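# Observations on the three-dimensional arrangement
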Amino acid sequence: MAIAIRKPNEIESIRKASKIVAKTLNHIKAQLTPGLTLKEIDFIGEDFIRKCGGRPAFKGLYGFSGSVCTSVNEVIIHGIPNDYELRDGDIVGLDIGVELDGWFGDAAITCGVGNISQEDSKLIACAKDALYFAISQIKPGMHFKELSELIEHFILDYGYVPLFGFCGHGIGRKPHEAPEIPNYLEGTKAKQGDKIKNGMVFCIEPMICQKQSEPVVLDDEWSVVSKDGLRGSHYEHTIAVINGKAEILSKE
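Residues numbered from 1 in each chain as written. Predicted model: local features only at pLDDT ≥ 70, side-chain atom pairs only at ≥ 80, totals over all residues. Heavy atoms only, no water.

Let's shift gears to the overall build of the protein chain. Helix and strand counts for the protein chain come out as 4 helices and 15 strands. Computed over the C-alpha atoms, the radius of gyration of the protein chain is 17 Å, within 12% of the 18 Å expected from 2.2 N^0.38 for a compact globule of 252 residues. The long-range share in the protein chain, meaning contacts at least 24 apart out of those at least 6 apart in sequence, stands at 72%. Just so you have it, the protein chain exposes about 11200 Å², and 49% of that area is on carbon and sulfur atoms. (Helix = DSSP H or I, 4+ residues; strand = E, 2+ residues; numbered from the N terminus. Rg over C-alpha atoms; globule rule 2.2 N^0.38 Å. Contact = heavy atoms within 4.5 Å. Areas by Shrake-Rupley, 256 points an atom, 1.4 Å probe, with all protein chains shown as cover.)

Here it is in structure tokens:
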């Protein structure tokens, strides 16, 4: 499948959807306290998205039941909102997609609840720092595989490993489009495959494991953990390549 090159007005439409994502994440983050349930987070998120004029893109997507992926502690991505009550010291990943006027935006953050350990703070920082590092390295002409390799080395140098089997992705008229962008190099050659071009819009989303990259999908058929059973983290932005550099669309 060809990677879409977006016109400036199309990028602005994606930016509008992505801005609602950013506002929603910040709205939820401000309310994270011990005792809040994942279903309450989901309600807060969906209600806010709709009040902003958007539609929660994840609700019903591939059969997902919620509007917000709520991934607690060992769950790295795709956590289903349920009756779990947040506790002091938990970390929770929030991943949100929004559709607005037929265009999509997507972003994710991992947050601490109350007082978290230094180890968890470093784990969260790895995902966030890897994301912003990757964004700073993007330029037209580089292969997507080169970007994947850079992200992998950054994560490894931080002392962690990337989650295998899941990836960043193109976005626009659909929540998931070409290309797929793993956080690790698949194969042995980075200088091959599709190249980044001005006008491309895609999501970068480092997913961090502590010791083992192999994913395990839990019995709910959604929640993804590492084979090591340890806590993980996740950060994501929707970006557009404009005038030779990456611009974050999913920010207020």
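Within this structure, the stated rule accounts for 6 aromatic pairs. Taken together, a centroid distance of 5.2 Å and an interplanar angle of 75 degrees make the contact between Phe-144 and Phe-202 edge-to-face. Note that Phe-144 is positioned in helix H4 (residues 144-158) and Phe-202 in strand E9 (residues 201-204), a separation of 58 residues in sequence. Residue Phe-144 is classed as buried on the basis of its relative accessible area of 6%. Members of the aromatic cluster, joined through ring pairs, are Phe-133, Phe-154, Tyr-158 and Tyr-160. (Phe/Tyr/Trp six-rings, centres within 6.5 Å; stacked < 30°, edge-to-face > 60°. Buried < 20%, exposed > 50% of the residue type's maximum accessible area, 1.4 Å probe, protein only.)

Glancing now at the packing of helix H3 (residues 118-137) against H4. Close contact between H3 and H4 brings their axes to 10 Å; oriented N to C, the two are set at 150 degrees. In terms of orientation, H3 and H4 fall into the roughly antiparallel class. Crossing geometry of H3 relative to H4 is assigned as right-handed. Contacts between H3 and H4 pair Lys-122, Ala-125, Cys-126, Asp-129, Ala-130, Phe-133, Ala-134 and Gln-137 from the former with Leu-147, Leu-150, Ile-151, Phe-154, Ile-155 and Tyr-158 from the latter. Residues of the contact of H3 with H4, tallied by class, amount to 11 nonpolar, 1 polar and 2 charged. (Axes fitted to C-alpha atoms, helices over the stretch in contact; angles between N-to-C directions. Parallel < 35°, antiparallel > 145°, perpendicular 65-115°, else oblique. Left-handed = near helix turned anticlockwise from the far one by under 90°. Nonpolar A, V, L, I, M, F, W, Y, C, P; charged D, E, K, R; others polar.)

Now for the pattern of salt bridges. Under the criterion given, the structure shown has 10 salt bridges. The shortest N-O distance in the salt bridge between Glu-46 and Arg-50 comes to 3.0 Å. Here Glu-46 and its partner Arg-50 are both found in helix H2 (residues 38-51), 4 residues apart, which amounts to about one turn of the helix. Glu-46 gets classed as buried once you look at its relative accessible area, which sits at 14%. In this structure, Arg-55 engages Glu-99 in a salt bridge whose closest nitrogen and oxygen atoms are separated by 3.0 Å. Placement of the pair is Arg-55 in strand E1 (residues 55-56) and Glu-99 in strand E4 (residues 91-100), with a sequence separation of 44 residues. On the accessibility criterion, Arg-55 (31% relative accessible area) is partly exposed. Given a relative accessible area of 16%, Glu-99 falls into the buried group. Connected through salt bridges with shared partners, the residues Glu-12, Arg-15 and Glu-247 form a single ionic network. (Salt bridge = Lys/Arg side-chain N within 4 Å of Asp/Glu carboxyl O.)

Moving on to the sheet that holds strand E10 (residues 207-209). Here we have 3 strands laid out as an open sheet, ordered E6-E10-E13, and antiparallel in their pairing. At either margin of the open sheet sits one strand with a lone partner, and together these are strand E6 (161-162) and strand E13 (233-234). Across 2 bridges, E10 lies against E13 in antiparallel orientation. Bridge pairing links Met-207 to His-234 in E13. (Pairing = 2+ DSSP bridges.)

The 3 strands are arranged E3-E12-E11 in an open sheet whose pairing can be described as antiparallel. At either end of the open sheet lies a strand with only one pairing partner, and these are strand E3 (75-77) and strand E11 (215-217). When strand polarity is set aside, the average angle formed by the axes of neighbouring strands in this sheet is 50 degrees.

The next thing to look at is the side chain of Asp-90. Along the chain, Asp-90 falls in the loop between E3 and E4. This buried residue, Asp-90, is left without a salt bridge; Arg-231 holds the nearest opposite charge, at 4.1 Å. Excluding residues that lie within four positions of it along the chain, Asp-90 makes contacts with Val-72, Asn-73, Tyr-84, Glu-85, Cys-111, Gly-112, Val-113, Ile-116 and Arg-231. (Lys, Arg positive; Asp, Glu negative; His and termini not counted.)

Keep in mind these values describe shape, not function.
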